[in-house]
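Now for the letters of each chain:
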Amino acid sequence: MGLLSDPVRRRALARLVLRLNAPLCVLSYVAGIAWFLALAFPPLTQRTYMSENAMGSTMVEEQFAAGDRARSLARDFTAHRRKSGALPVAWLERTMRSVGLEVYTQSFSRKLPFPDETHERYMVSGINVYGILRAPRAASTESLVLTVPCGPDSTNSQAVGLMLALAAHFRGQIYWAKDIIFLVTEHDLLGTEAWLEAYHDVNVTGMQSSPLQGRAGAIQAAVALELSSDVVTSLDVVVEGLNGQLPNLDLLNLFQTFCQKGGLLCTLQGKLQPQDWTSIDGPLQSVQTLLLMVLQQASGRPHGAHGLFLRYRVEALTLRGINSFRQYKYDLVAVGKALEGMFRKLNHLLERLHQSFFFYLLPALSRFVSIGLYMPAAGFLLLVLGLKISSASTLHEAGVGPEEAGKTPGSSPPHPPTQGVGLASLVAPLLVSQAMGLALYVLPVLGQHVATQHFPVAEAEAVVLTLLAIYAAGLALPHNTHRVVSTQAPDKGWMALKLVALIYLALQLACITLTNFSLGFLLAASMVPAAAVTKPSGPRPLYTALLVLTSPAATLLGSLFLWRELQEAPLSLAEGWQLFLAALAQGVLEHHTYGSLLFPLLALGLYPCWLLFWNVLFWK
């Protein structure tokens, strides 16, 4: 405290930070990247453990043995679906009633903001079917959900057959203390969102749906099941939800525990667990798994039907059956026993899952990194912005430029303040930058019909091309704003603008990192170096290339290439560009359809902030 309260010592500390600003920034950035990579190594990663006492033991006897019935129901479902060309609602109702469930249906419709070319849909309408198994030992105050999403092009018949076979098996048991809902949704996530909104009596996405005729208790947990074959070699667990939300870690631990008990091979991000942590191969494989999770969480997309449950404070995950060329093969009985064990343990819960972590990273299925260990990685990157803000503020108050500060000895008195720059001189670049971000957010969807009338493009193509046009138009921003900025103190003008831009970027990245660490870390790792070095003097072509390569769009493009490289399916330049255009369309569509926040964050926040640094670079 004495160091900060003493004016002389405080000025000495400020001069020291100013003199060593560049080395400290480089050291802090390198420390942040190194800390993040070290998260995959055993000193920082911990073994997972069960925190909830009610689920601490797997001493339940799984009795499910209806694998033949599950396969038969799956074949019937496939035949009726092929015959009707849609979800066989009547067959599902009849089959659910035959096993003793209360059966209800829900119709829904949704007009998308523009056609979804990936799934070839625009005006979407469908019917959800769900059956409720009432708990014989308690009132209908709490419930669990087993859901199977069915899309127009998905092959999830085996999951429907297994779900119905499990419902018949559960119906014969008397130990259930919670209602169990067996849900089959049409049109994948759209049907899931319609059912969840109706169940919780809210409407957050503009979905048109009929009210639910039957309800159970408050949903405590949910499992989404996706099976493409009646024989699986492994079960892949998906945890990333909407806007980077994650389920309670105990739910993941429960899945892993019953996979180990039944001898099932379970994977994370499609990768097996490292077997040898003593050599370098194990940590290197965990680095790949960690990067894949960070990229998927940063996208903000719901990577399964479970991702929409998390919005409603329902702990959920998705299980995907994978049938590859591995020598280990498991039938539906093994998968059904794992699900039976999970639901029996969830049936013991006396309260919502809350004792384990909600913020974590997974370098492997059996290891995790808690929030207290991964946050310093982002903190080191944000420290670079803090050092630059301190340096820019000191120079701005002293009235000297960076070049003059470098030539000024530490013991010399500060220069007399020059003529200040009023805040009015910064209004123009701030307003124009934010206006460009608002145009990027609003115009692509609103102007799609105008674009299709004047150009031979479809609506989805018009949205993407409008996005790219507005984004590129921001490059002309400096030529539009530098003429209206006061030129009485040019050095202090761009320094003041950069100080505002640094503060703006630091605040945004700090807030994003607190809610979605993966997104905040990726953006900080890409944008912080360019933000720190950008200035109108020096090697401008180098600064221009660095600023363009670290822009939000370039970060998205680079992330796509990295994601496919880690999946061992590298992209060519043409394929990467097509995937980039598809990702732009899906990002806008998922924002308007499910409420994903990545698109507005980039359009209304980070893109205008990046334009401020672009304006600093071309300051005249």
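Parameters at a glance
Residues numbered from 1 in each chain as written. Predicted model: local features only at pLDDT ≥ 70, side-chain atom pairs only at ≥ 80, totals over all residues. Heavy atoms only, no water. Pairing = 2+ DSSP bridges. Helix = DSSP H or I, 4+ residues; strand = E, 2+ residues; numbered from the N terminus. Buried < 20%, exposed > 50% of the residue type's maximum accessible area, 1.4 Å probe, protein only. Domains from an automatic or database assignment. Contact = heavy atoms within 4.5 Å. Buried area = accessible area lost by both parts, 1.4 Å probe. Salt bridge = Lys/Arg side-chain N within 4 Å of Asp/Glu carboxyl O. Polar contact = N/O pair within 3.5 Å; in protein donor to acceptor, adjacent residues only side chain to side chain. Phe/Tyr/Trp six-rings, centres within 6.5 Å; stacked < 30°, edge-to-face > 60°. Lys NZ or Arg CZ within 6 Å of the ring centre and 35° of its normal. Axes fitted to C-alpha atoms, helices over the stretch in contact; angles between N-to-C directions. Parallel < 35°, antiparallel > 145°, perpendicular 65-115°, else oblique. Left-handed = near helix turned anticlockwise from the far one by under 90°. Nonpolar A, V, L, I, M, F, W, Y, C, P; charged D, E, K, R; others polar.

## Regarding the sheet that holds strand β12 (residues 367–370)
- Strand order in the open sheet formed by 3 strands is β1-β12-β11, and the pairing between neighbours is antiparallel. Edge strands, defined here as strands with exactly one partner in the open sheet, are β1 (46–47) and β11 (360–364).
- In the sheet, β11 pairs with β12 via 3 bridges, with the strands oriented antiparallel. Bridge pairing in β12 places A364 opposite R367.

## Quick look at helix α5 (residues 89–98)
- The complete set of buried residues in α5 reads V89, W91, L92, E93, T95 and M96.
- Just downstream of α5, G100 is the residue with a positive phi angle, here 95°.

## A short note on the domain arrangement of the protein chain
- Taken domain by domain, the protein chain comprises domain 1 (60–354) and domain 2 (423–618).
- Taken over C-alpha atoms, the centre of domain 1 sits 37 Å from the centre of domain 2.
- Each side of the interface is counted separately: domain 1 has 30 residues, and domain 2 has 29 residues.
- Around 2,600 Å² of area is buried between domain 1 and domain 2 when both sides are counted, 62% of it from carbon and sulfur atoms.
- Applying the counting rule to domain 1 against domain 2 returns 2 salt bridges.
- Counting every contact that joins domain 1 to domain 2 gives 9 residue pairs in polar contact (both at pLDDT 80 or more).
- Among the secondary structure elements, those contributing two or more residues to the side of domain 1 that touches domain 2 are β2 (102–116), α7 (189–199) and α9 (281–299).

## Structural notes on the packing of aromatic side chains
- Inspection of every chain in the model, using the stated rule, returns 21 aromatic pairs.
- Both rings, one in F36 and one in F521, keep their centres 4.4 Å apart while their planes meet at 25°; by these two values the pair is stacked. Of this pair, F36 sits in helix α3 (residues 21–38) while F521 sits in helix α19 (residues 517–533), placing them 485 residues apart in sequence.
- Summarising the aromatic geometry, the rings of W614 and F618 are spaced 4.9 Å apart at their centres and angled 50° between planes, so their arrangement reads as tilted.
- Grouped by ring-pair contacts, the aromatic residues F170, Y175, W176, F182 and F343 constitute a single cluster.
- The ring of Y175 carries the charged tip of R344 above its face, separated from the ring centre by 4.2 Å.

## Topic: the packing of helix α4 (residues 67–84) against α5
- Between α4 and α5, the least distance of the axes is 9 Å, while the angle of their chain directions is 155°. Considered as vectors, α4 and α5 are oriented roughly antiparallel to each other. Judged by the sense of rotation from one axis to the other, the crossing of α4 with α5 is right-handed. Contact residues: L73, D76, F77 and H80 in α4; W91, L92, R94 and T95 in α5.
- Per-class residue counts for the contact of α4 with α5 are 4 nonpolar, 2 polar and 2 charged.

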